[in-house]
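Structure at a glance
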Amino acid sequence: PYTSGDLDQIALQKWLSLWQNSMEAWFDWKRTGRPTFVQPGPGNINNNQVPVRLMYPGIEQSVNADNYNTAIGRMGADNINTRVWWDQQ
């Protein structure tokens, strides 16, 4: 069986292997909470926070306003710092 340290090492290697596909690495990190060392880069303009979700596309507000407003009402503001239900903290 794997230990927590083993899983951390596997997650780190996977994260490193995905350097050319940053979105997949980000989604995997958000899903698992591993690796634990992820820090915002030096050019971060989000109050030194790692974004925790993607925003809805702008067209969603005009094309699907009722469902957009329902979703926003349930989870909070439509910004990159509003946590989603599946987010590992």
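Up top is the structure these notes are about.
Residues numbered from 1 in each chain as written. Predicted model: local features only at pLDDT ≥ 70, side-chain atom pairs only at ≥ 80, totals over all residues. Heavy atoms only, no water.

A closer look at the environment of Leu 16
Tracing the backbone shows Leu 16 in helix α1 (residues 4-17). With 63 residues separating them in the primary sequence, Leu 16 and Asn 79 have C-alpha atoms 27 Å apart. (Helix = DSSP H or I, 4+ residues; strand = E, 2+ residues; numbered from the N terminus.)

As for the packing of aromatic side chains
Considering all chains together, one arrives at 2 aromatic pairs under this definition. Between the aromatic rings of Tyr 56 and Tyr 68, the centroid separation amounts to 5.6 Å while the plane-to-plane angle is 80°, which identifies the pairing as edge-to-face. Remark: Tyr 68 occurs in helix α4 (residues 65-75) and Tyr 56 occurs in the loop between α2 (22-32) and α3 (58-63); sequence separation between them is 12 residues. The exposure class assigned to Tyr 68 is buried, which follows from its relative accessible area of 12%. Positioned above the aromatic ring of Trp 29, the side-chain terminus of Lys 30 is 4.6 Å from the ring centre. (Phe/Tyr/Trp six-rings, centres within 6.5 Å; stacked < 30°, edge-to-face > 60°. Buried < 20%, exposed > 50% of the residue type's maximum accessible area, 1.4 Å probe, protein only. Lys NZ or Arg CZ within 6 Å of the ring centre and 35° of its normal.)

Some remarks on α4
Every buried residue belonging to α4 is among Tyr 68, Ala 71 and Ile 72, and all of these are buried. Viewed along the axis of α4, the buried residues span an arc of 95°, placing them on a single side of the element. α4 presents Asp 66, Gly 73 and Arg 74 as exposed residues on the side facing more than 90 degrees away from its buried surface. Gly 76 occupies a position one or two residues after α4 and carries a positive phi of about 115°. (Arc of directions from axis to C-beta.)

Re a nonpolar patch on the surface
A cluster of nonpolar side chains, namely Met 23, Phe 27, Leu 54, Trp 85 and Trp 86, defines an oily patch on the protein surface of about 590 Å² accessible area. Along the polypeptide, Phe 27 turns up in helix α2. (Patch = residues over 30% accessible without salt bridge, like charges linked within 9 Å, V, L, I, M, F, W, Y side chains within 5 Å. Areas by Shrake-Rupley, 256 points an atom, 1.4 Å probe, with all protein chains shown as cover. Salt bridge = Lys/Arg side-chain N within 4 Å of Asp/Glu carboxyl O.)

Details of the pattern of salt bridges
Enumeration according to the criterion identifies 4 salt bridges in this entry. Salt-bridge contacts for Lys 14 lead to Asp 28; the nearest nitrogen and oxygen are separated by 3.3 Å. Here Lys 14 is found in helix α1, whereas its partner Asp 28 is found in helix α2, with 14 residues between them in sequence. Since its relative accessible area comes to 36%, Lys 14 is described here as partly exposed. Each of Lys 14, Asp 28 and Arg 31 takes part in a single network of salt bridges with overlapping partners.

Some thoughts on the side chain of Asp 78
Summarising the element assignment, Asp 78 is placed in the segment after α4. Of note is the side chain of Asp 78, whose polar atom sits 3.0 Å from the side chain of Arg 53. At 3.0 Å, the side chain of Asp 78 forms a polar contact with the side chain of Tyr 68. (Polar contact = N/O pair within 3.5 Å; in protein donor to acceptor, adjacent residues only side chain to side chain.)

What about the environment of Asn 44?
With respect to the secondary-structure elements, Asn 44 resides in the loop between α2 and α3. Judged by its relative accessible area of 25%, Asn 44 is partly exposed. Considered as a pair, Asn 44 and Val 84 are 40 residues apart in the sequence and their alpha carbons are 21 Å apart. Among the polar contacts made by the side chain of Asn 44, one reaches the main-chain amide nitrogen of Asn 48 at a distance of 3.0 Å. Here Gln 49 takes part through its backbone oxygen, which lies 2.9 Å from a polar atom of the side chain of Asn 44.

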